[in-house]
Amino acid sequence: MVSETVLVSCVTNGGTESNQGNKRKHLGSDEQAAASCHNGSDAKGDIGTSGRDMTANIDEETQLDNASKKARLPKEPTFQDMYNNQDAFDDEEDDSDWEPVQKHTEILKWFCTNCTMVNLDVFHCDICGEHKESGILRHGFYASPFSPAVELIQVEPEARVRDKDCWSEASASNCSTAVGFDERMLLHSEIEMKSHPHPERPDRLRAIASSLAVAGIFPGKCCPIPAREITPEELQMVHSSEHVAAVEITGRMFSSYFTPDTYANEHSAHAARLAAGLCADLASAIFSERVKNGFALVRPPGHHAGVRQAMGFCLHNNAAVAALAAQAAGAKKVLIVDWDVHHGNGTQEIFDQNKSVLYISLHRHEGGKFYPGTGAALEVGSKGAEGYCVNIPWSRGGIGDNDYIFAFQHVVLPIASKFAPDFTIISAGFDAARGDPLGCCDVTPAGYAQMTHMLSALSGGKLLVILEGGYNLRSISSSATSVIKVLLGESRECEPENIVPSKAGLHTVLEVLKIQMDYWPNLCSSLEKLQSQWEMYSVENKNKQVKKRRVFEPPIWWRWGRKQLLYHILTGHFHLK
C-alpha cells in the first residue's frame, strides 16, 4: 500500500516509474539474501557438529556472505569510467507519457463596441479608450466612454431648456428638417463569423439614433418620413439591370459576398431598397419644399456602388438615386459634395459624362494607394462634361478641420457658386473623423458642422445629407448630431478667417486649382494668391534645411589653417558638385 502511494506520488510529481521499479528490485534481493542465510545455518548447523567445525563453518559463511554483499554493491565509477562509458549515462527511459502539471490561464479577448478593435483582458480599449461595458448603443455619444453603461455625460440644463424652446418653435413651423430612418435596415449584417467584426455594422445606426434620441432631436425636433422600397425602374436609371438583379438574388441566399469585404444576407436587398427609397423621397420632399432639408440615416452606404458593381460595403448608390429624384421633381442642376474619406468612385462613374450633376470629392488618395485608388485630381469628367468632376485628393492621413475648410474656401465654394445648383446633396461619410479606425484623419464634429453651414447657403438651403461611411461609433454619432443641429438652425457657425492649412493640404489645393482653372476661370485669383503663400512655405523650408546643415559650427581658426576648405564646406560658403 505504501509503495503504491509512493509510486503515484512519484509519477504525479514527474518521476519515472522505472526509478520506483529499481527500488522494489533492491528490496527483493535483500529479503532473498536474508532467507538464504537463515536456511544455510539451519542446514549446516547440525547438533553433532563439533564447536571447531561450527566455528569454521560460521567464519566461512561470514566470509562468503561479506563477499556476496560486496559483489552486490555497485562499484563507484571513476572519472575515467565515466569518460569511457558516456552512453551508459544516457537516459533511455520512455517518458512520452509524462505530462507536467499545468495551470491553464484563459485570456479573455473582447472587441470594442466603439471601434471594433480587439483587446485582451482589460476594461478599456487600447485604441479608443472606450469602456468594455460602454452604454454607447443605448445613449449614443452621451454615454461616458470611461465608465459602464449606467453613467452619462452631463448635459447642461441651459442647453436642454434651449432645445425645448427650439422644439416648440419647430413644432409651430411644422418641422423643417426631416429624417429618413427605418429599423429594418438593421437586419443587414454579416452572417459569417470572422476573426474581426465587420466595420459596417448595424451598431452604426443604433449609436446615431440613440444620440439623437437623448438630445431630443429625433424623435422630437425632426419629423420622420414614411419608408418605402425603391422600384426596379428607379434603380435602373442609375444601375444596370444586371446589377439590380444581382442584388435582388441575394434575398434568396443566407449569406453571400459581392467582394471579400462587401457582404449580403437574406435581408440586405430589402435594406438597400429601403435606403434608396428614403433618399429618393427625401430629395423630392425637400425640392418641393414640403420640408426645408433632411438627413438620411440609412445603410448600407452607396457611393462606391457603380453602374454595374457593388463594392466597398455599398449595394445601391443612394446619392445618385437622390440626385435623379431631385431632377425628376424639377431640379435642373444638382451638386453632390462627398466628404467621405474614401473616393466615391461609383458616384463619379455614374455622372462622369453628365453636365447637370457636379460631383466634388475630398478624400485620401496618396497617389492611388488608398482605397479604392481612384479620384486623382486629373480625373475631371469626360465626353463634354470635363470640369464637372472635381477631386481633391489628400496625399496623406491626419488631415483635419483646417485643411477641409481651406479647400472649401478656395475650391469647393468658388466652383459650386459658379455652378449655381438647384439642389445640394452631401455624401456624408464620417470616416475622416478623429478616431476612425479606417480613415485615420482628424476632422472634428465642429469641422463637419462648419462645412454643412457653408453648403447650406447654396441652392436656397435645399440640402440633403446622406450617411455614407464612418466606423467609430462615438465619432459618427457626435458628428451626425452636430450636422443635424446645423440643419435645424440651432448651431450658427461663423466662417473662420485666416485658416492656415498644412503644407500637404496647401499643396493639394494648389494642384487642384491648376487643373480646374481651365474649366472654372474664377479660380485664377485664388491660384495667384495661394502661389505666393506656397513660395513662403518653400522659403521657410529652405531656411530650415540651411539651419540643419549648420548644426556643426567649425572653429573659426580653421578658416586660415590647413582645414580652410573643410571650413567653407561646413559653413555653406562652398558647395561640392
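Everything discussed here concerns the structure shown above.
The structure presented is a predicted model; accordingly, all values stated were derived computationally and were not measured.

S.K.: Could you clarify how one ought to interpret the nonpolar core in this entry?
M.R.: The nonpolar side chains of soluble globular proteins are, as a tendency, buried together. In this structure, Phe 295, Leu 297, Trp 339, Phe 423 and Phe 430 are the most contacted members of the largest nonpolar core, which totals 121 residues. Per element, the largest residue contribution to this core is 12 residues, and it comes from helix 11 (residues 268–287). Filtering out sequence-adjacent residues up to four positions away, Leu 297 remains in contact with Val 179, Gly 180, Phe 181, Met 185, Leu 205, Ile 208, Ala 209, Leu 212 and Leu 467. Counting 5 residues, the second largest nonpolar core, distinct from the first, contains Val 247, Ala 269, Ala 310 and Leu 315.

S.K.: Help me understand helix 12 (residues 318–328) in this model?
M.R.: Turn by turn, an α-helix covers 3.6 residues, leaving residues three or four places apart pointing in a common direction. Burial within helix 12 is extensive, with 9 of its 11 residues counted as buried. For helix 12, every residue scored as buried is listed here: Asn 318, Ala 319, Ala 320, Val 321, Ala 322, Ala 323, Leu 324, Ala 325 and Ala 326. Between the side-chain oxygen at the start of helix 12 and the backbone nitrogen of Ala 319 there is a gap of 3.4 Å, and the oxygen is on Asn 317. Positive backbone phi, approximately 130°, marks Gly 330, located one or two places after helix 12.

S.K.: Would you explain the pairing of strand 10 (residues 389–394) in this entry?
M.R.: Both faces of the sheet carry side chains from a regular strand, because those side chains alternate between them. Burial runs high along strand 10: 6 of the 6 residues are buried. Residues Cys 389, Asn 391 and Pro 393 of strand 10 are buried on one face, and the alternating residues Val 390, Ile 392 and Trp 394, pointing to the opposite face, are buried as well. One ladder, built from 6 bridges, connects strand 9 (residues 357–364) with strand 10; its direction is parallel. Paired with Ile 360 across the bridge in strand 10 is Val 390.

S.K.: For this particular structure, what's the right way to read the packing of aromatic side chains?
M.R.: By convention here, two paired aromatic rings are described through the distance between centres and the angle between planes. On inspection of all chains with the given rule, the structure shows 8 aromatic pairs. Consider the rings of Trp 339 and Phe 430, whose centres lie 6.4 Å apart with planes at 50°: the pair is tilted. Of this pair, Trp 339 sits in the loop between strand 8 (334–338) and helix 13 (345–350) while Phe 430 sits in the loop between strand 11 (423–428) and helix 15 (445–455), and the two are 91 residues apart along the sequence. This pair shows no difference in class: Trp 339 is buried, exactly as Phe 430 is. With centroids separated by 6.1 Å and ring planes inclined at 70°, the aromatic side chains of Tyr 388 and Phe 419 adopt a geometry described as edge-to-face. Within this pair, whereas Tyr 388 is found in the loop between strand 9 and strand 10, its partner Phe 419 is found in helix 14 (residues 401–419), the two being separated by 31 residues in sequence. For Phe 419, a relative accessible area of 4% gives the class buried. The lysine or arginine in question, Lys 333, covers the ring of Phe 419, its NZ or CZ lying 5.3 Å from the ring centre. Taking the ring centre of Phe 287 as reference, the NZ or CZ of Lys 462 above it sits at 4.5 Å.

S.K.: I keep staring at the pattern of salt bridges and nothing clicks. Help me out?
M.R.: Side chains that carry opposite charge are capable of pairing whenever their charged atoms lie near each other. Evaluation of the coordinates by the stated rule reveals 15 salt bridges. Across the salt bridge formed by Arg 228 and Glu 234, the nearest N and O atoms sit 2.9 Å from each other. By relative accessible area, which is 25% here, Glu 234 ends up partly exposed. Across the pair Glu 229 and Arg 273 runs a salt bridge whose closest N-O atoms are separated by 2.6 Å. Of this pair, Glu 229 sits in the loop between strand 4 (223–224) and helix 9 (232–235) while Arg 273 sits in helix 11; the two residues are 44 residues apart in sequence, bridging distant segments of the chain. For Glu 229, a relative accessible area of 34% corresponds to the partly exposed category.

Thresholds, definitions, all that
Residues numbered from 1 in each chain as written. Predicted model: local features only at pLDDT ≥ 70, side-chain atom pairs only at ≥ 80, totals over all residues. Heavy atoms only, no water. Core = buried A, V, L, I, M, F, W, Y, C linked by side-chain atoms within 4.5 Å. Buried < 20%, exposed > 50% of the residue type's maximum accessible area, 1.4 Å probe, protein only. Helix = DSSP H or I, 4+ residues; strand = E, 2+ residues; numbered from the N terminus. Contact = heavy atoms within 4.5 Å. Polar contact = N/O pair within 3.5 Å; in protein donor to acceptor, adjacent residues only side chain to side chain. Pairing = 2+ DSSP bridges. Phe/Tyr/Trp six-rings, centres within 6.5 Å; stacked < 30°, edge-to-face > 60°. Lys NZ or Arg CZ within 6 Å of the ring centre and 35° of its normal. Salt bridge = Lys/Arg side-chain N within 4 Å of Asp/Glu carboxyl O.

Purely geometric numbers; function is a separate question.
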